[in-house]
Amino acid sequence: MMDEIWKRNEIDSPCVKICVVHPEARLCIGCHRTIDEIAQWSKMSDEDRARVKAELPARAPQLRGKRRGRKRD
């Protein structure tokens, strides 16, 4: 049963709930947005959000090979 009171109109977000900002690239390793974009997301127009989302795939290569982790033995 779906109650009307629980329906919400969520803002379309690229967030994948892996919220870690890479210290050098300054991009979230999950969604590839900048800190400023994340902070302003709910205030952006639909057009601005669409523009940012269109840019995200091109940002992914900036993070390849930059994830820090434990060194393999």
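Each remark here, short or long, concerns the structure printed above.
Residues numbered from 1 in each chain as written. Predicted model: local features only at pLDDT ≥ 70, side-chain atom pairs only at ≥ 80, totals over all residues. Heavy atoms only, no water.

Asker: Explanation requested: unusual backbone geometry in the structure shown.
Answerer: With the exception of glycine, the majority of residues adopt a negative phi angle, and the majority of peptide bonds are in the trans configuration. Positive phi, close to 65°, is recorded for Lys-17, a residue that is not glycine. Tracing the backbone shows Lys-17 in the segment before α1 (35-40). Relative accessible area serves as the criterion here: at 72%, Lys-17 is assigned to the exposed category. Although it is not a glycine, Arg-26 sits at a positive phi angle of roughly 60°. Counting through the fold element by element, Arg-26 comes out in the segment before α1. (Helix = DSSP H or I, 4+ residues; strand = E, 2+ residues; numbered from the N terminus. Buried < 20%, exposed > 50% of the residue type's maximum accessible area, 1.4 Å probe, protein only.)

Asker: I would appreciate a short explanation of the pattern of salt bridges in the present structure.
Answerer: It is possible for side chains of opposite charge to pair when their charged atoms get near one another. Under the criterion given, the structure shown has 5 salt bridges. Residues Asp-12 and Lys-53 are paired through a salt bridge, measuring 2.4 Å at the closest nitrogen-oxygen approach. Here Lys-53 lies in helix α2 (residues 46-59) and Asp-12 lies in the segment before α1, a separation of 41 residues in the sequence. A salt bridge links Glu-55 to Arg-59; the nearest nitrogen and oxygen atoms lie 2.9 Å apart. With Glu-55 and Arg-59 both in helix α2, this residue pair falls 4 residues apart, about one helical turn. The class for Arg-59 is buried, based on a relative accessible area of 11%. Three or more residues joined by partner-sharing salt bridges are found here, namely Glu-37, Arg-51, Glu-55 and Arg-59. (Salt bridge = Lys/Arg side-chain N within 4 Å of Asp/Glu carboxyl O.)

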